[in-house]
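So you can see what is in the structure, the chains are spelled out below.
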Amino acid sequence: MVRAKDSPAKSAVFFGLAVLTALTFVFEILFVFLKAPIEARMGIVQKIFYFHVPSAYAMYIGAAACFLGSAIYLARPTDTSDALARAGAEAAVVFGVIVLTTGPLWGAKAWGTFWTWDPRLTTELLSVLIYVAYLVLRAFAGDGTGERRFAAALGVLGAANLPIIHYSVQKWGGQHPTVITGRGGGLAHPDMKVALAMGFVAFTLLAIILLWSRTRLEVVQSRLRRAEEDAIDLGLDSRTEE
Amino acid sequence: MSDPTPAAPSVNDRATTFQAVEGPQPEHYSGEVLLVSAYAAVFVILIAWVALTWRKAGAMDERLTALEREIDKAADTPLASKREPRDRATTSNPP
């Protein structure tokens, strides 16, 4: 079966987005280091905030994609929805690991310790571990319909922890700052707000292009696997099926 | 009732000696090193993910090449000697 390639318009949109993402990141880095002011109490280490918070937001985008793909797969199984769920889980792990790496580096200076079992930190770690479990399941449990459905259920249930991460600071307190959502006055300087806004834009674009490319790759992989199975069944392929 | 506002430090409250730290020192971290480490970590993690995706695409390319080779081989083989489909081959007795 011959399938049409991506339309030129689709490819142009993808590469346009990729270029825009790269430019946004360059602008963001220059702005953070050259224009955004140094915070009065924490000093230069506060600049971690401009990548740390957008990474957490990008993790939510990945987790939401995993939830959406999984829910659609449970309702109407397709390669695309399964691929979206898988790509979303991968994005959630990658951006979650960025959050869990940059946060402790900031905490070392601000709190004097790399890690504390603060409610937000703990729930964030739990969420990343849920998506790691999803990926381990996908990697080692095979790719049959049953396994896909089981993974989709995990993808749906895994999203239940996301609002808990968000509201953990309000519900249980802890040390984690609430600069954006709290009543602490937020970002005092306008350039701080611009730096954070640019960070959100950069990480949103990055999350979109990474999700798009990973979903596409997973769909192609599913089609290739099916073509291999068909070739073996038709006797065109002398190799044995895995 | 005592005054809740703390008294302003007087001249006598100032330190008059400097003492060396004895025993384990509290940890101090350089903000610059932590900042650079955090930004480096972001890019290392992202590049590692892109590299893994690239490897996955490479593995798929190899599988596709192998599949094309098998299809070409099957196309070159005369029809009579072409291997039977697997489901039938498993039920029939070999000669």
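Residues numbered from 1 in each chain as written. Chains lettered and ligands numbered in written order. Predicted model: local features only at pLDDT ≥ 70, side-chain atom pairs only at ≥ 80, totals over all residues. Heavy atoms only, no water.

Quick look at the side chain of Ser70(A) now. All names here are of chain A. With respect to the element layout, Ser70 can be found in helix H2 (residues 49–75). Here Cys66 takes part through its backbone oxygen, which lies 2.7 Å from a polar atom of the side chain of Ser70. Beyond its immediate stretch of four places on either side in the chain, Ser70 contacts Ala85, Ala151, Ala152, Gly155 and Val156. (Helix = DSSP H or I, 4+ residues; strand = E, 2+ residues; numbered from the N terminus. Polar contact = N/O pair within 3.5 Å; in protein donor to acceptor, adjacent residues only side chain to side chain. Contact = heavy atoms within 4.5 Å.)

This part takes up the confidence of the model for chain B. Close inspection of predicted coordinates is inappropriate in any region flagged by low pLDDT. Residue and element names in this part refer to chain B. For chain B, the average pLDDT comes to 72, and 53% of its residues sit at 70 or higher. Across residues 85–95, confidence stays below pLDDT 50; counting only partners more than four residues off in sequence or on other chains, it has eight contacts. Interface confidence in the predicted complex, given as ipTM, is 0.82; pTM for the same model is 0.80. (pLDDT = per-residue confidence, 0-100.)

Tallying the contact residues gives 45 residues for chain A and 32 residues for chain B. Counting the surface chain A buries against chain B, the share from its top three residues, Leu217(A), Leu224(A) and Leu236(A), is 15%. Where chain A meets chain B, there are two salt bridges. For Arg63(B), the salt bridge goes to Glu228(A), with nearest N and O atoms at 2.9 Å. The interface formed by chain A and chain B holds four residue pairs in polar contact (both at pLDDT 80 or more) in total. Taken together, the elements giving at least two residues each to the side of chain A that touches chain B come down to helix H1 (8–34), H2, helix H3 (79–110) and helix H7 (190–233) of chain A. Ranked by residues supplied to the side of chain A that touches chain B, first place goes to H7(A) with 15 residues. (Buried area = accessible area lost by both parts, 1.4 Å probe. Salt bridge = Lys/Arg side-chain N within 4 Å of Asp/Glu carboxyl O.)

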